[in-house]
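Chains, contacts and geometry: an overview
If you want the building blocks of each chain, they are given just below.
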Amino acid sequence: MKIVINGIHANLRFSAAHMIPKHESCGVIHGHSYIVDVVVEGERSGEFGFVVDFKKVKSIVRGICKELDHKLLIPLKNPEMQFKSTEGSVEFSIGKKEYKLPAEDCCLLDLPSTSAEDLSQYFAEKLYRELMALNGEISSVQICVNEGIGQGAYFTKNRD
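Report follows, based on the coordinates. (Residues numbered from 1 in each chain as written. Predicted model: local features only at pLDDT ≥ 70, side-chain atom pairs only at ≥ 80, totals over all residues. Heavy atoms only, no water.)

**Here we look at the pairing of strand E3 (residues 30–42)**
In this sheet, E3 lies alongside strand E1 (residues 2–5) in antiparallel orientation, the contact comprising four bridges. Paired with Ile3 across the strands is Val40, a residue of E3. Note that strand E2 (residues 13–18) and E3 share six bridges and pair antiparallel. From the neighbouring strand, Ala17 faces E3, where its bridge partner is Gly31. (Pairing = 2+ DSSP bridges. Helix = DSSP H or I, 4+ residues; strand = E, 2+ residues; numbered from the N terminus.)

Spelled out as structure tokens, the structure:
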């Protein structure tokens, strides 16, 4: 059985800036109003026979959204980015372009990119870990991170 949460109706959203280094149009800092859709599949269990409580899923996803909201999302594992500092201020270069930003304006992510694809995987893995700690009957978590209505990337985290 599975539960489905539509991010636009459940207010699972965040606004953030990012860049995709060396991409023709996305290589500059730009932003999106992201919407996160969720599907959790598993066995019904517990007193109420839920796969998982909707409120708990929304709370976890909103927490992740809050971490990213109104930040510049910076992928720490991107081979195009050379970091000079991540303490106090975040300083990095991409080719000949140099950036220096206040650390509180940035969200440093242990990712190769801040594409919708990598963000959907980030959300799915975090949500899966937290749900497994609550209910071992979860078989998969699927996340779609939309960069606007009708344009997003899906990632499914299956039970190992």
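**A few points about the nonpolar core**
Ranked by internal contacts, the top residues of the largest apolar core, which has 33 residues, are Val38, Val40, Val57 and Phe123. Counting residues per element, the ones that place at least two in this core are E1, E2, E3, helix H2 (54–68), strand E8 (106–109), helix H3 (116–134) and strand E9 (138–146). When residues in this core are grouped by element, the largest group, seven residues, is from H3. In this structure Phe123 touches Phe14, Val36, Val61, Ile64, Cys65, Leu68, Ile143 and Val145, once residues within four positions along its chain are discounted. Core analysis: the second largest hydrophobic core is formed by nine residues, Leu72, Val90, Phe92 and Ile94 among them. (Core = buried A, V, L, I, M, F, W, Y, C linked by side-chain atoms within 4.5 Å. Buried < 20%, exposed > 50% of the residue type's maximum accessible area, 1.4 Å probe, protein only. Contact = heavy atoms within 4.5 Å.)

**Remarks on the side chain of Asn146**
Relative to the helices and strands, Asn146 resides in strand E9. If sequence neighbours within four positions are ignored, Asn146 has contacts with Ser33, Tyr34, Ile35, Asp37, Gln151 and Gly152.

**Quick word on the packing of aromatic side chains**
A complete count under the given rule lists six aromatic pairs for this structure. Seen in terms of ring centroids, Phe14 and Tyr34 are 4.5 Å apart; in terms of plane orientation they differ by 10 degrees. Their pairing is stacked. Note that Phe14 is positioned in strand E2 and Tyr34 in strand E3, a separation of 20 residues in sequence. Taking relative accessible area as the criterion, Phe14 reaches 2% and is therefore assigned buried. Judged by its relative accessible area of 0%, Tyr34 is buried. Judged by centre distance (6.3 Å) and plane angle (85 degrees), the ring pair of Tyr122 and Phe123 falls under edge-to-face. (Phe/Tyr/Trp six-rings, centres within 6.5 Å; stacked < 30°, edge-to-face > 60°.)

**So, the side chain of Lys157**
Residue placement: Lys157 occurs in strand E10 (residues 152–158). In this structure Lys157 comes out as buried when scored by relative accessible area, which is 17%. Apart from the residues within four sequence positions on either side, Lys157 is in contact with Ala124, Glu125, Tyr128, Ser139, Ser140 and Val141.

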